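# Descriptive structure summary
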Amino acid sequence: MKRIACLFVSAFFLAGGIAYAQGEMNAYTMSQTDLNGTARYLGMSGAFGALGGDISSMSTNPAGLGIYRSSEVVTTISLSSIKANTNWNGSKADESKAKFNFDNIAYVGYFPTGNDEGIVGWNIGLSYNRVKSFNRSYRMNGAQPFSVADYAADMAHGIPEKDLTLVSGRFDPYFDADNYWLSVLGYEAGFFKPNTSGGDAYHSAFGAPGAAYSPQNVDLLVNEKGSIGQYNISFATNISDRFFLGATVAITDMDYNLTTKYQEDFTVKDLLWLDNGLSTDGTGYAFNIGAIVRPVDFLRVGIAYNSPTWYKMTDYFHGSAQVVIDDVEGKVKETPDYQAGEYRLRTPDRWIFSVAGVGQNFLISADYELTNYKRMNLSDVDGYDMIQTEGIKSDFGMSGTLKVGAEYKVTPQFSVRAGTLWRTSPMKQHVKDGIAAINPEGEYYINAVDVAGTIPNYTVDKGMNSYSVGVGYRFTPSFYADLACVYREYKEDAYAFPSTFNPDGSVVVKSDPASLKTKTTQVALTLGYKF
């Protein structure tokens, strides 16, 4: 039966005619946000949807601005320690880094109407908030039965050798939308060769056709950095101290950089390496609307809708590779220089349902967030959906996030806080199992997931939880300081490359996952002044 090869590369990034494919896992990475805000917000794990009275509400439920009874300026800085641990078939590796961040600065203006009923007051908020940090490094070191050369060879199945071959001045395989970029680079670098001259079936250059030649040592180093910053303009109103309504317009700025270094050692005389770089810049816009109802004095109920963020994105990318066979070094091969691609990303929208109880000296609050990552969308600059959007629909579903937080006022000046957060993975079970989706004809796609360009490695989300503590002190009726410490643990499976499959689901190239845990400890300090 003919192999079904869904290469996910028919999307065009028109940069000098070069075709480049963004991946569904990249879309997921750029659609996520962190638990971040003021130290009070962090200390209660972000469970503020029904509470309000904090500038972080602008990014979640802007009705919370209506709780303010004075104007305020506030700013937050933080220090984060990020540690990543992997276990790959029993081989362990650790990487860590520290990062100082400027998290937010905001102004909230309160404008009372003088009424006791009806519209009691108006609020306006202006803020910058860092909603996502990409900073992380992790390393996978170990061994597995198959090589990335086997993967690249299998992804080239069905493509004639001439269509992978550069003919100077006449044909460049990177211009061909039917070609998988890693297969083109791998062929040029000598990762694999045809079973027969001029054919369209291939095998690793480190072994014979049909026989896997396993690398003895594999090392992958991944370094990510960058952030997503959000600029908010918010409006809110207080109606009879019972109903609070709010809206936010947000402008988002994204900066993401990824570098990977991958090497396989087969014997003392045989090895290959693959280096990649990806830089993504983007700007987008979104809106949030929300409401809080206080049916009785001690109870508040909130609901909010956070729209998708509509991004305009630009990628800059570069890959290089080389083989050493029998101690003979091949030429270093590279993807075309100075290439960039433009496209559109729409992140998923989010609903937030909240409830809070407020006493004289304490409060407790809970939020539940529901996000449908199946609604992520990748499109070209003209608005036409990329084929990767079909992969998103088959591989992603709903994610739920539960936040619970509490605060106790020990004295009128001093408060203590604690909270916890649980988030489920939106990835469907076949993705978690490293298995390809089934196409409409009932056959398996060739690869487990859609990856981008010449970057074959990816991670699979397994869920996240965090725990928070915090304190607050009011030095004067106007000036206060808050301190919080947040511990997060993010669980993933990390793959050097996807597994590949026959249409009947039998495995052709098997990729073993490494267990990846990213543990982040963040200490945040907020200074605020009310007037």
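Right above here is the structure, for reference.
Note that this is a predicted model, so its numbers are computed, not measured.

### Details of helix H1 (residues 24–31)
Along H1, seven of the eight residues are buried, which leaves the element largely enclosed by surrounding structure. Three or more residues of H1 are buried, namely Glu 24, Met 25, Asn 26, Ala 27, Tyr 28, Met 30 and Ser 31.

### Section: the environment of Gln 360
Relative to the elements of secondary structure, Gln 360 occurs in the loop between strand E15 (350–358) and strand E16 (362–372). Overall, the relative accessible area of 75% leaves Gln 360 in the exposed class.

### Thoughts on helix H3 (residues 148–155)
Among the eight residues of H3, eight are classified as buried, and the element is accordingly described as predominantly covered. Every buried residue of H3 is accounted for by Val 148, Ala 149, Asp 150, Tyr 151, Ala 152, Ala 153, Asp 154 and Met 155. If you check the start of H3, you find a side-chain oxygen 2.9 Å away from the backbone N of Ala 149, and it comes from Ser 147.

### Quick look at unusual backbone geometry
The backbone of Asp 241 sits at a positive phi, close to 55°, despite the residue not being glycine. Residue position: Asp 241 is located in the loop between strand E7 (217–239) and strand E8 (243–265). Notably, Asp 327 is not glycine yet its phi reads approximately 70°, a positive angle. The topology assignment puts Asp 327 in the loop between strand E11 (310–325) and strand E12 (328–329). Residue Asp 327 is classed as exposed on the basis of its relative accessible area of 53%.

### Focus: the packing of aromatic side chains
Following the criterion strictly, the structure yields 22 aromatic pairs and no others. Taken together, a centroid distance of 5.7 Å and an interplanar angle of 35° make the contact between Tyr 41 and Phe 48 tilted. Judged on exposure class, the residue Tyr 41 and its partner Phe 48 are both buried. An aromatic cluster of three or more residues is present, and its members are Phe 287, Tyr 305, Trp 351 and Phe 353.

### A few points about the environment of Val 416
Looking at the element boundaries, Val 416 is found in strand E19 (residues 414–423). Exposure remark for Val 416: the relative accessible area of 30% places this residue in the partly exposed category. Through-space distance from the C-alpha of Val 416 to that of Val 469 is 7.7 Å; in sequence the pair is 53 residues apart. Ignoring sequence-local partners within four residues, the contact set of Val 416 consists of Ala 406, Glu 407, Tyr 408, Val 410, Gly 470 and Val 471.

### Quick notes on the nonpolar core
The biggest cluster of nonpolar side chains holds 92 residues, and the ones touching the most others in it are Tyr 151, Phe 191, Phe 192, Tyr 262 and Leu 272. Beyond its immediate stretch of four places on either side in the chain, Tyr 151 contacts Tyr 180, Leu 182, Asn 447, Val 451, Pro 456, Phe 497, Pro 498, Thr 500 and Val 509. Counting nine residues, the second-largest nonpolar core is a separate cluster that includes Met 58, Leu 65, Val 108 and Ala 236.

### So, the pattern of salt bridges
Applying the stated criterion across every chain, the model contains 21 salt bridges. Residue Glu 369 is joined to Lys 403 by a salt bridge in which the shortest nitrogen-to-oxygen separation is 2.8 Å. You can see Glu 369 sitting in strand E16 and its partner Lys 403 sitting in strand E18 (residues 398–409), a full 34 residues away along the chain. Asp 512 is the partner of Lys 510 in a salt bridge, and the nearest nitrogen-oxygen pair spans 3.3 Å. What makes Lys 510 partly exposed here is its relative accessible area of 35%. Residue class for Asp 512 comes out buried when judged on its relative accessible area of 15%. Via salt bridges that share partners, Arg 40, Glu 407, Arg 417 and Asp 482 belong to a single interconnected network.

### Notes on the pairing of strand E20 (residues 458–474)
Two faces make up the sheet, and in a regular strand the side chains alternate between them. Two strands pair when backbone bridges link them, and E19 and E20 are joined in this way by ten bridges, in the antiparallel orientation. By the bridge assignment for E20, Arg 417 is matched with Gly 470. Pairing between E20 and strand E21 (residues 479–495): 15 bridges, direction antiparallel. What sits directly across from Gly 472, in E21, is Asp 482.

### Focus: the side chain of Thr 454
Mapped onto the elements, Thr 454 comes out in the loop between helix H6 (429–432) and E20. Thr 454 gets classed as buried once you look at its relative accessible area, which sits at 4%. Only 2.3 Å separates the side chain of Thr 454 from the side chain of Asn 276, close enough to count as a polar contact. In contact with Thr 454, not counting residues within four places along its chain, are Trp 181, Leu 182, Leu 185, Leu 274, Asn 276, Gly 319 and Thr 335.

Thresholds applied
- Residues numbered from 1 in each chain as written.
- Predicted model: local features only at pLDDT ≥ 70, side-chain atom pairs only at ≥ 80, totals over all residues.
- Heavy atoms only, no water.
- Buried < 20%, exposed > 50% of the residue type's maximum accessible area, 1.4 Å probe, protein only.
- Helix = DSSP H or I, 4+ residues; strand = E, 2+ residues; numbered from the N terminus.
- Polar contact = N/O pair within 3.5 Å; in protein donor to acceptor, adjacent residues only side chain to side chain.
- Phe/Tyr/Trp six-rings, centres within 6.5 Å; stacked < 30°, edge-to-face > 60°.
- Contact = heavy atoms within 4.5 Å.
- Core = buried A, V, L, I, M, F, W, Y, C linked by side-chain atoms within 4.5 Å.
- Salt bridge = Lys/Arg side-chain N within 4 Å of Asp/Glu carboxyl O.
- Pairing = 2+ DSSP bridges.

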